[in-house]
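The residues making up each chain are set out below.
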Amino acid sequence: MPGEPVVCVIFRGPDGLQRADLSEAEAAAWQPLGEVLGRWTRKAETEDQAARRRQALASAEEMFLALMQESGGAGEDKELLLQLLGLMLERKRILRPQGRPAGHQQRYLHTRLQQQFSVAQHEITPERLAVLSEQLHHLAS
């Protein structure tokens, strides 16, 4: 049920790493088929929350692709934004890193488009993140 607690368990089972999502009542009686590696509790999402999260991810992908295709406006702000979007999309498995960064550039493969992108890699400082966060908040409002 949306809004109710869900116990999530990662365990090493007979088929490798597995995840179980259980209600609190189920979790109290549940016996994993292997070694438990992690456990946490979250609230079940509503359909609206899941749809908003999917839309935010699609918007991040669209923004990344638009910034990569636009030749103008090169600079540190654009590069930092691309770097952060690249990391986020890598985490969501939309982008796959192609090797390790070389020459302050990380090559990514966009899994759906089968297209490669090269993203500048800079040191990410809290100050730069704060400035970028303000700019993104302004753009989103």
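Note that the structure is predicted; figures quoted are calculated from it, not measured.

**Description of the overall build of the protein chain**
- The helix and strand inventory of the protein chain stands at 4 helices and 6 strands.
- For the protein chain, the α and β elements follow one another from N to C terminus as β-β-α-β-α-α-β-β-β-α.
- In the protein chain, which comprises 141 residues, the share counted as buried stands at 24%.
- For the protein chain, restricting intrachain contacts to residue pairs at least 6 apart in sequence, the fraction spanning at least 24 positions comes to 43%.
- Just so you have it, the protein chain exposes about 9,900 Å², and 52% of that area is on carbon and sulfur atoms.

**Description of the side chain of Gln121**
- One can find Gln121 in the loop between strand 6 (115-120) and helix 4 (126-140).
- Of the polar contacts made by the side chain of Gln121, one reaches the backbone oxygen of Val119; its length is 3.3 Å.

**Points about the packing of aromatic side chains**
- A full pass over the atoms with the stated rule returns 2 aromatic pairs.
- Judged by centre distance (5.3 Å) and plane angle (65 degrees), the ring pair of Phe11 and Trp30 falls under edge-to-face. Of this pair, Phe11 sits in strand 1 (residues 5-13) while Trp30 sits in the loop between helix 1 (24-29) and strand 3 (35-43), and the two are 19 residues apart along the sequence.
- Summarising the aromatic geometry, the rings of Phe64 and Phe117 are spaced 5.5 Å apart at their centres and angled 85 degrees between planes, so their arrangement reads as edge-to-face. Of this pair, Phe64 sits in helix 2 (residues 47-69) while Phe117 is found in strand 6, placing the two residues 53 residues apart along the sequence.
- Residue Phe117 is classed as buried on the basis of its relative accessible area, which comes to 8%.

**A short note on the pattern of salt bridges**
- Following the criterion strictly, the structure yields 3 salt bridges and no others.
- Of the charged contacts in the structure, one is a salt bridge between Glu61 and Arg112, with a shortest N-O distance of 2.7 Å. In this pair, Glu61 is assigned in helix 2 and Arg112 in the loop between strand 5 (105-110) and strand 6, connecting sequence segments 51 residues apart.
- Residue Glu61 is classed as buried on the basis of its relative accessible area of 12%.

**Remarks on the sheet that holds strand 1**
- Read from one edge to the other, the open sheet built from 3 strands follows the order 2-1-3, with strand pairing classed as antiparallel. Because the sheet does not close on itself, it has two edges, and the strands there are strand 2 (16-23) and strand 3. The sheet shows a mean angle of 20 degrees between the axes of neighbouring strands, taken without regard to direction.

Cut-offs and rules
Residues numbered from 1 in each chain as written. Predicted model: local features only at pLDDT ≥ 70, side-chain atom pairs only at ≥ 80, totals over all residues. Heavy atoms only, no water. Helix = DSSP H or I, 4+ residues; strand = E, 2+ residues; numbered from the N terminus. Buried < 20%, exposed > 50% of the residue type's maximum accessible area, 1.4 Å probe, protein only. Contact = heavy atoms within 4.5 Å. Areas by Shrake-Rupley, 256 points an atom, 1.4 Å probe, with all protein chains shown as cover. Polar contact = N/O pair within 3.5 Å; in protein donor to acceptor, adjacent residues only side chain to side chain. Phe/Tyr/Trp six-rings, centres within 6.5 Å; stacked < 30°, edge-to-face > 60°. Salt bridge = Lys/Arg side-chain N within 4 Å of Asp/Glu carboxyl O. Pairing = 2+ DSSP bridges. Axes fitted to C-alpha atoms, helices over the stretch in contact; angles between N-to-C directions.

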